[in-house]
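Descriptive analysis of the structure
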Amino acid sequence: DAGVIQSPRHEVTEMGQEVTLRCKPISGHDYLFWYRQTMMRGLELLIYFNNNVPIDDSGMPEDRFSAKMPNASFSTLKIQPSEPRDSAVYFCASSFQGIVDTQYFGPGTRLTVL
Amino acid sequence: AQSVTQLDSQVPVFEEAPVELRCNYSSSVSVYLFWYVQYPNQGLQLLLKYLSGSTLVESINGFEAEFNKSQTSFHLRKPSVHISDTAEYFCAVSVTSGNTPLVFGKGTRLSVIA
């Protein structure tokens, strides 16, 4: 298996623009997680899905952030409009059996909002 | 809610020397504990985890961690480090009841010096 795939790897955009981050989990994994990593706040869980259904989105910072999982092999995290404080590395991870099962992380998307 | 404290943000150590990365957690209920490692420009990978049973858990590359309930700690140790162990190490905790996502510490950057 190719592992968790994220695209793009790097994204530079201007404040106010819409940003869409994409994730393909490992086939057969029922759980998908979106994290944000910054120097100041460390690694934060934004939202997670089980069988394509959002379970806990309490970590989503505000209404500008939204996430979808239309099928078992694809998820998006959208920021609209983007702000400089959204600059971070965004990770997608998936796991097979549950939220404490081993999580497999993608390589991340480094987002810079100017 | 549970929390994790990694007391050392950076740990420099000479090659072949022993190392201990400290992790303390706070929780009013039983926990699961994890160590993840992040190599430069990569996503996190599970290093080892404690779910139940023996309080001493080991990884395939020589790391070990011991769950100490009375001290609420899960310190990571290796008797002799290699240059290739240079990475960021994250301790994480989840409670055993319910579907509670992992909470990660801020991370400890281990730098192995030749």
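So, here is what we can say about the structure in this document. As the structure is a prediction and not an experimental result, all values here were calculated from the model. (Residues numbered from 1 in each chain as written. Chains lettered and ligands numbered in written order. Predicted model: local features only at pLDDT ≥ 70, side-chain atom pairs only at ≥ 80, totals over all residues. Heavy atoms only, no water.)

1. What to know about the packing of aromatic side chains
According to the stated counting rule, one finds 14 aromatic pairs over all chains in the structure shown. Ring geometry for Phe-105 of chain A versus Phe-104 of chain B: centroids 6.5 Å apart, planes at 85 degrees, classification edge-to-face. Taken together, the residues Phe-105 of chain A in strand 10 (residues 104–105) and Phe-104 of chain B in strand 11 (residues 103–104) connect one chain to another. Both residues of the pair, Phe-105 of chain A and Phe-104 of chain B, belong to the buried class. In this structure an aromatic cluster arises from ring pairing among Tyr-31, Phe-33, Tyr-35, Tyr-48, Phe-91 and Phe-105 of chain A together with Phe-34, Tyr-36 and Phe-104 of chain B. (Phe/Tyr/Trp six-rings, centres within 6.5 Å; stacked < 30°, edge-to-face > 60°. Helix = DSSP H or I, 4+ residues; strand = E, 2+ residues; numbered from the N terminus. Buried < 20%, exposed > 50% of the residue type's maximum accessible area, 1.4 Å probe, protein only.)

2. Examining the state of the cysteines
Residue and element names in this part refer to chain A. Tallied over the entire structure, the rule returns two disulfides over all chains. There is a disulfide in this structure between Cys-23 and Cys-92, and the S-S distance comes to 1.8 Å. Here Cys-23 and Cys-92 share a disulfide; its torsion about the S-S bond, -65 degrees, makes the bridge left-handed. Of this pair, Cys-23 sits in strand 3 (residues 19–24) while Cys-92 sits in strand 9 (residues 88–95), and the two are 69 residues apart along the sequence. Grouping residues by exposure puts Cys-23 and Cys-92 together as buried. (Disulfide = S-S within 2.5 Å.)

3. Some remarks on the nonpolar core
In terms of nonpolar packing, the biggest core is built from 27 residues, with Leu-33, Trp-35, Leu-47, Leu-48, Phe-74, Leu-76 and Tyr-89 of chain B touching the most fellow members. Ignoring anything within four residues of it in the chain, the contact list for Leu-33 of chain B reads Tyr-25, Leu-48, Lys-49, Tyr-50, Phe-67, Phe-74, Ala-92 and Val-93 of chain B. Counting residues in hydrophobic clusters, the runner-up holds 21 residues, among them Val-4, Cys-23, Ile-26 and Trp-34 of chain A. (Core = buried A, V, L, I, M, F, W, Y, C linked by side-chain atoms within 4.5 Å. Contact = heavy atoms within 4.5 Å.)

4. Structural notes on the interface of chain B and chain A
Taken together, the contact between chain B and chain A spans 18 residues of the former and 20 residues of the latter. Contact between chain B and chain A buries roughly 1,500 Å² in total, counting both sides, with carbon and sulfur atoms accounting for 58%. Of all residues in chain B, Leu-44, Pro-101 and Phe-104 of chain B give up the largest surface area on contact with chain A, accounting jointly for 29% of the area buried on that side. Linking chain B with chain A are zero salt bridges. Applying the counting criterion to the chain B and chain A interface returns four residue pairs in polar contact (both at pLDDT 80 or more). Sorting elements by how many residues they give to the side of chain B that touches chain A places strand 5 (residues 31–38) of chain B first, with four residues. Grouping the constituent residues of the side of chain B that touches chain A by class yields nine nonpolar, seven polar and two charged. (Buried area = accessible area lost by both parts, 1.4 Å probe. Salt bridge = Lys/Arg side-chain N within 4 Å of Asp/Glu carboxyl O. Polar contact = N/O pair within 3.5 Å; in protein donor to acceptor, adjacent residues only side chain to side chain. Nonpolar A, V, L, I, M, F, W, Y, C, P; charged D, E, K, R; others polar.)

5. Looking at the layout of surface pockets
The space that makes up the largest pocket amounts to roughly 660 Å³. Taken together, 27 residues form the lining of the largest pocket, with Gln-37 and Met-39 of chain A together with Gln-38, Glu-88 and Arg-109 of chain B sitting closest to its centre. Listed by contribution, the elements that provide at least two residues to the lining of the largest pocket are strand 4 (31–38), strand 9 and strand 11 (109–113) of chain A together with strand 10 (87–95) of chain B. For the lining of the largest pocket, the residue count by class is ten nonpolar, twelve polar and five charged. By volume, the second largest pocket amounts to about 310 Å³. (1 Å grid on protein atoms, 1.4 Å probe; cavity = no way out; pocket = protein on both sides within 12 Å on 5 of 7 lines; lining within 4 Å. Points joined across faces, edges and corners; volume = space filled by probe spheres on them.)

6. Describing the sheet that holds strand 3 of chain A
Sheet strands associate in pairs through backbone hydrogen bonding, adopting either a parallel or an antiparallel arrangement. All names here are of chain A. Reading across from one edge, 1-3-8-7 is the order of the four strands in this open sheet, with antiparallel pairing throughout. Unpaired on one side and paired on the other, strand 1 (5–7) and strand 7 (65–71) mark the two borders of the sheet. Pairwise comparison of adjacent strand axes, ignoring direction, gives a mean angle of 15 degrees for this sheet. (Pairing = 2+ DSSP bridges. Axes fitted to C-alpha atoms, helices over the stretch in contact; angles between N-to-C directions.)

7. Looking at the pattern of salt bridges
For the structure on display, the rule yields twelve salt bridges over all chains. Where Asp-86 of chain A meets Arg-64 of chain A, a salt bridge forms, and the shortest distance between an N and an O atom there is 2.7 Å. With a gap of 22 residues between them, Asp-86 of chain A in the loop between strand 8 (74–79) and strand 9 and Arg-64 of chain A in the loop between strand 6 (53–56) and strand 7 connect regions that are remote in the sequence. One exposure class covers both Asp-86 of chain A and Arg-64 of chain A, and it is buried. Here Glu-88 of chain B makes a salt bridge to Arg-109 of chain B, at a shortest N to O gap of 2.9 Å. In this pair, Glu-88 of chain B is assigned in strand 10 and Arg-109 of chain B in strand 12 (residues 108–113), connecting sequence segments 21 residues apart. Given the relative accessible area of 40%, Arg-109 of chain B is considered partly exposed.

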